[in-house]
Amino acid sequence: MAVDGKDENSLEQGIHTKDAGRRRRDGRHRRSQSELKCGVRLTHFHRLLASLVGADWIFLMILGFIMAVMSFVMDIFVTLFTDAHRWIYDLSDSHVFLQYFAWVAYSLILMCFAAGFANIVSPQAVGSGIPEMKTSLRGVVLQEYLTFKTLVSKVISLTCTLGSELPVGKEGPFVHIGSMCAALLCKFMSLFSGIYKNEARNKEMLTVGCAVGIGCCFASPIGGVLFSMEITSMFYVAPNYWRGFLSATFGSLIFRLLPVWHHEEETLTALYATKYRLDFPFDLQELPAFAAMGIVCGFGGAFFVYLYGKITLFVKKQKATNSFLMKNCFLYSALVSVLISTLTFPPGFGQFMAGKLTQRDSLISFFDNRTWSNHGIIADFDNDDHLAAWKHPQANVFIILTIFVIMKFWMSALSITLPIPCGSFVPIFVIGAAFGRLVGEGMATLFPEGINTDGHIYPIVPGAYAVVGAAALTAGVTHTMSTGVIMMELTGQIGHILPILISVILANMVSQSLQPSIYDTVIRIKKLPYLPLLRWGHREKHNIHVEDFMERDVRYITLKSTYRDVYRILRSGDLKTLPLVKSAESMLLLGSVERAQLQALLKQRAQELREGHTPSMTTSYRVHFQTSTEESSSASDHPASPKPLKPALKKVAVDEEEITNPYDSGISLKKLCCSQPDIDALQDYPDTEDDTILQEMEEWEEQELDEQVNFNNCKIDPAPFQLVEGTSLHKTHTMFSVLNLDYAYVTSVGRLIGVVSLKELRKAIEGSMPADGVRLRPILASFRDRGIKGTRIETAELHKLLDHQAS
C-alpha cells in the first residue's frame, strides 16, 4: 500500500509538472503572439506615418511655409536696418558733414559685411542664382549651389545688402533660396519616403522651389509659377503645375497672413494695392500711348542688358590684369557703395531724385492714383507724406523723374555686378514705374481735363501708366511674359490687363531682337554649360545642318581594341562615354560604353593578372612572383635561403581616382595593367639570372597589354542617341532641349562619322565666340544684314548611299 501511495504521489507530481510546462509554453506563445501583433502594428503605423509625411502635399506645404516665414523675417530685418539708417541720419542733423558721414558709413559697413560674409562662407551665394538654377535644371549638376552653407550665406548677406539700400532686389536671390530649401527638404524627406532619393523627382522639386521664391516675395502665386516656367525650363513637366501652384499659393497665403498676425495690416490685400477706378479704367485713345511705352521699354531693356554686359566685362578684364582694386571684394564693393550713397545723399544731389525714399516707398508713390503735376508744377502734399520727397522748389516733377530714371538706370546696372547676393528684378521694376509715371504725368499735362468720350470726361490716371511701365521694362530685361501677371497680382489691378499685356508683348518683341535676357547674358559671361534658345530672330540658323558644325575627330573603341588601346583612349581625354564600333574599317556603330565600365574592365584585368601566373613562369619562378606583401605560408616547403624571403611581385592597388584623372603623371601603363616585380627583391638571390627574368617579364607584359578586350562583362548601351548628317539645327536644338542631352552621335547609314555636344551646338547657335566666352551684340545689330539665305535642298545622292552600303 505504501508503494502504491508513492506511485500515486509521483504520478500526481508528473501531471502537475506537465501542466506547469504546458502553461509556461502557452504563456510564451501568447507573449510571442502579442509581440508579433505589436510589431505588425508598429510597422503599419510607421508605414502610415511615412506615407503621410512623405506625401507630395505635405512637402509642398512645408516648403511654402518655410519660404513665407523666411521672406517675412527678412523684410522685418530690412525694415529695421532702414529705420536705423534714418534714425542715425536724423540724429546727426546738427551738421551736414555728420549727416553725410552717417549716411555713407552706415551703408558702407553693411555692404562690406555682406560682401565679406558671402565670399568667405560660400562664394556660390554671389549674384542672383537664377542662371545657375537654369543650368542645374538643364541637367548639369551644380551641387555646391544647393548646400546649407550656401543657404545661410545667401540669406544673411542678402539681408545686409538690402539693408544698405543699394538699388538691388531680393526676388532673383529668392529663386535660388527656394531651390536650396527644396533640395535640403528633399534630403530630409528621404528619411520618410524613398521617392525623394530619385534625382528626377528632386529636379522637379527644384522647379517648385523657384516658383515659391517669387510667390513669397510678391504674394503672386500664379505669376510665380509662370515666371519659374519661363526662366528655368525650356520644356515644363506637366505634373509640376499643381505642385507649383499648391506650394506657391500656400506660401503666398502665409506671407500675407503673417503681417495680419503681426498687427501690421488689418486684412489680406495686395502688396502694393491701388485704388484706380474699375468702371472705366482707361480710354481706347490711351492704347497707342501704352503701346509706345512697350516699344520704348523694349529698347530700354535691351540697352540695360548691354550696359550690364559691358560693365561686367570691364570688371573681368581688370581682374585678369591683377588689379588689386577689382580682386578685393571689399574694396570694389566699398567704392561702389560710397559712390551711390554720395549721389543719393538727400541734402546733396539726392534731393533731385528723392534719395531719402526706399525702393518700396518709391513704388508706393509711383502707383499713387493722384496726379502730381498741374502744368508741370507738383501739387501740394503734406510734409509727412512720402510724396513730398518729389517736390523741389527749383525743379518740376518732369525733371526730377527724368533724373531719377537716368541715375537709377546706371546705378542698378553697376550694383548687380558686385560680388554680393543681389537681383535685378526690383530695381528694373522701380525704373519702369518711374518711366511710366513720367509718361502718365505728361499725358495728364497734355489732357488736364481728361479725355472726352461720348460726352463724358475721364481724367488721366498717371499711376496706371506706372503699372504698365514697370511690367514692360521688366519684361524687356528678363524676356518673360509673366511679369504682366505678377504686376496684376502685386497691385490687385485687373482693369488694366489689356494695356499691360500689349506693352509686355511689344517690349519682348523688341528686346529679344536686340539682346539676350539678363540671365542668358550672365550664363554667357560665366561660361555655364547651358543651351541658348533659338528665337524668331535666328531664322537663318534653320538652314544649318549637323554636318556643318559636328566634331569629326571622334575617339572610339572597336571590338578588336586591346587593353593598351583602351588605356590610351582613357588617358587622352575625360570623355564620359565612348562609342563602340565594329571595326575601324566599317565604322558601324554598335553602341556606347561609359567611362566607368572601361575603368572597371582595366581594374578587373589588373586583378586577374595579380592573382594568376603565366604558364611559362609558374614552374621556374613560382617563389619569386608572390602576390602578397606578407611572407608566404608555404615558405617552409622550399629550401632555406640565406636571406629572408621577400615578395618579388607586389600587389598594385589601382585606385579609382588614378584612372579617373587621365593627366596624372604618376600612372604608368604597366602599373595599371600588370604587376611589376620588385627589382631589389630579385637582387637578393644571386643565383637568379636577373637579365633573363626581366627580359622575359617585359615580353610577357607586352603580350598581356596587347590582348584583345573582352566586352562580355561590360554594359553596353545598344541604342545611344543618334543624328543623321542632314538633321537641321532646329531639330537638333529641340532634341537636346527636350531630352536634356549632353551629346549625340552622327551616323550615315549606320556608320559613325561625327559627334555633336553642347559645345558645338552652342557655337552653331551663337556663332564664333571670343576667348572670354562672351559675345555681346551691339544695339540694332539684328536689324542689319537680315537677308535670308537660300533654302537647302534636302536630298541624298543615290550613288553615295550605294557606296556606303558597299563599304
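One can find the structure itself at the top, above this paragraph.
Residues numbered from 1 in each chain as written. Predicted model: local features only at pLDDT ≥ 70, side-chain atom pairs only at ≥ 80, totals over all residues. Heavy atoms only, no water.

(A) Looking closely at the overall build of the chain. Along the backbone of the chain there are 30 helices and 11 strands. Long-range contacts, defined as pairs at least 24 residues apart, comprise 76% of the intrachain contacts of the chain with a sequence gap of at least 6. Summed over its atoms, the accessible surface of the chain is roughly 39,600 Å², and 59% of this surface lies on carbon and sulfur atoms. (Helix = DSSP H or I, 4+ residues; strand = E, 2+ residues; numbered from the N terminus. Contact = heavy atoms within 4.5 Å. Areas by Shrake-Rupley, 256 points an atom, 1.4 Å probe, with all protein chains shown as cover.)

(B) Representation of the pairing of strand β7 (residues 589-594). Direction of pairing for strand β6 (residues 577-581) relative to β7: antiparallel, over a ladder of five bridges. When the bridges of β7 are listed, L580 appears paired with G591. One ladder, built from two bridges, connects β7 with strand β8 (residues 716-717); its direction is antiparallel. Considered in β8, the bridge of V593 is made with I716. (Pairing = 2+ DSSP bridges.)

(C) Inspection of the packing of aromatic side chains at higher detail. Enumeration over the complete set of coordinates arrives at 19 aromatic pairs. Ring pairs connect the aromatic residues Y89, Y100, W103 and F345, which therefore count as one cluster. Cation over ring: K170 sits above F174, and NZ or CZ is 5.1 Å from the ring centre. (Phe/Tyr/Trp six-rings, centres within 6.5 Å; stacked < 30°, edge-to-face > 60°. Lys NZ or Arg CZ within 6 Å of the ring centre and 35° of its normal.)

(D) Representation of the sheet that holds strand β11 (residues 751-757) within the structure. The strand order across the open sheet formed by three strands is β9-β10-β11, and the pairing between neighbours is mixed. Taken across any chain shown, the strands that pair with only one partner, and hence form the sheet edges, are β9 (722-724) and β11. Adjacent strand axes in the sheet meet at a mean angle of 35 degrees, parallel and antiparallel pairs treated alike. By the bridge criterion, three bridges tie β9 to strand β10 (residues 743-748) in an arrangement that is parallel. Considered in β10, the bridge of Q722 is made with Y745. Set on the sheet, helix α28 (residues 729-739) makes contact with β9, β10 and β11; between it and β9 the angle comes to about 170 degrees. (Axes fitted to C-alpha atoms, helices over the stretch in contact; angles between N-to-C directions.)

(E) Broad picture of the pattern of salt bridges. As enumerated under the stated definition, the model contains seven salt bridges in all. As a salt-bridge pair, K356 and D90 come within 3.9 Å of each other at their nearest N and O atoms. Taken as a pair, K356 in the loop between α12 (329-343) and α13 (359-366) and D90 in helix α2 (residues 56-91) lie far apart in primary sequence, 266 residues in all. By relative accessible area, which is 37% here, K356 ends up partly exposed. The exposure class of D90 is partly exposed, given its relative accessible area of 39%. The partner of R370 in a salt bridge is D368, and the shortest N-O contact between them spans 3.0 Å. (Salt bridge = Lys/Arg side-chain N within 4 Å of Asp/Glu carboxyl O. Buried < 20%, exposed > 50% of the residue type's maximum accessible area, 1.4 Å probe, protein only.)

(F) Highlighting the sheet that holds β7. Strand order in the open sheet formed by four strands is β5-β6-β7-β8, with mixed pairing between adjacent strands. Two strands close off the open sheet at either side, each with one partner strand: β5 (557-558) and β8.

(G) Geometry of the packing of α13 against helix α15 (residues 425-446). Interaxial distance between α13 and α15 falls to 10 Å at its minimum, and their mutual angle equals 30 degrees. By the angle class used here, α13 and α15 are roughly parallel. In terms of crossing hand, the pair formed by α13 and α15 is left-handed. Contacts between α13 and α15 involve Q359, S362, L363, S365 and F366 from the first element and V426, P427, F429, V430, A433, A434 and R437 from the second. (Parallel < 35°, antiparallel > 145°, perpendicular 65-115°, else oblique. Left-handed = near helix turned anticlockwise from the far one by under 90°.)

(H) Structural view of the side chain of N508. Structurally, N508 can be placed in helix α18 (residues 497-514). Residues contacting N508, with those up to four places away along its chain left out, are A475, H479, T480 and M481.

(I) Spotlight on the nonpolar core. Grouped together as the largest cluster of nonpolar side chains are 131 residues, with contacts concentrated most on F59, L63, I177, F366, F367 and W390. Among all residues touching F59, those that are not within four sequence positions of it are A182, L185, C186, M189, Y196 and M205. (Core = buried A, V, L, I, M, F, W, Y, C linked by side-chain atoms within 4.5 Å.)

(J) Broad picture of α18. In a regular helix each residue adds 1.5 Å, so 18 residues correspond to 26 Å; α18 covers 26 Å between its end C-alpha atoms and thus fits that length. Listed as buried for α18 are P499, I500, S503, V504, A507, N508, V510, S511, Q512, S513 and L514. (Expected span 1.5 Å × (residues − 1).)

(K) View of unusual backbone geometry. In this structure, A219 is a non-glycine residue whose phi angle is positive, near 55 degrees. With respect to the helices, strands and loops of the structure, A219 is situated in the loop between α7 (199-218) and α8 (221-232). The exposure class assigned to A219 is buried, which follows from its relative accessible area of 16%. Of note in the backbone geometry, H479 takes a positive phi value of approximately 60 degrees without being a glycine. Of note, H479 is situated in the loop between α16 (462-478) and α17 (482-491).

(L) Layout of the environment of Y567. Relative to the helices and strands, Y567 is located in helix α21 (residues 563-572). Residue classification places Y567 among the buried positions, given a relative accessible area of 6%. The spatial distance from the C-alpha of Y567 to the C-alpha of L598 is 8.6 Å, given a sequence separation of 31 residues.

(M) Highlighting the packing of helix α3 (residues 96-121) against α12. α12 packs onto α3 with a crossing angle of 150 degrees between their chain directions and a minimal axis gap of 9 Å. By the angle class used here, α3 and α12 are roughly antiparallel. Here α3 and α12 pass one another in a crossing that is right-handed. On α12, the residues that touch Y100, W103, V104, S107, L108, M111, C112, A115, G116 and N119 of α3 are C329, F330, S333, A334, S337, V338, S341 and T342. For the contact of α3 with α12, the residue count by class is 11 nonpolar, seven polar and no charged. (Nonpolar A, V, L, I, M, F, W, Y, C, P; charged D, E, K, R; others polar.)

(N) Representation of helix α5 (residues 148-163) within the structure. An ideal rise of 1.5 Å per residue puts 22 Å on 16 residues; α5 measures up with 23 Å between its terminal C-alpha atoms. Where burial is concerned, most of α5 is hidden: 12 out of the 16 residues are buried. Those residues of α5 that fall on the buried side of the exposure criterion are T150, L151, S153, K154, V155, S157, L158, T159, C160, T161, L162 and G163. Packing partners of the buried residues in α5 comprise α2, α3 and α6 (171-189). Phi turns positive, to about 65 degrees, at E165, one or two residues after α5.

(O) Structural view of the pairing of β6. Taken across its five residues, β6 has five buried, putting it largely inside the fold. Side chains of β6 alternate between two faces, with T577, P579 and V581 and L578 and L580 buried alike. Sheet topology places β5 next to β6; two bridges connect them, and they run parallel. Pairing of T558 across the sheet is with V581, part of β6.

(P) Expanded view of the environment of Y563. By the secondary structure assignment, Y563 is in helix α21. Taking relative accessible area as the criterion, Y563 reaches 8% and is therefore assigned buried. For the pair Y563 and Q708, spaced 145 residues apart in the sequence, the C-alpha separation amounts to 6.6 Å.

(Q) Molecular detail of the side chain of H496. With respect to the helices and strands, H496 occurs in the loop between α17 and α18. By relative accessible area, which is 2% here, H496 ends up buried. Each residue touching H496, except ones within four places of it in the same chain, is listed here: Y276, P281, F282 and A464.

Remember that the coordinates give geometry; whether it matters functionally is a separate question.
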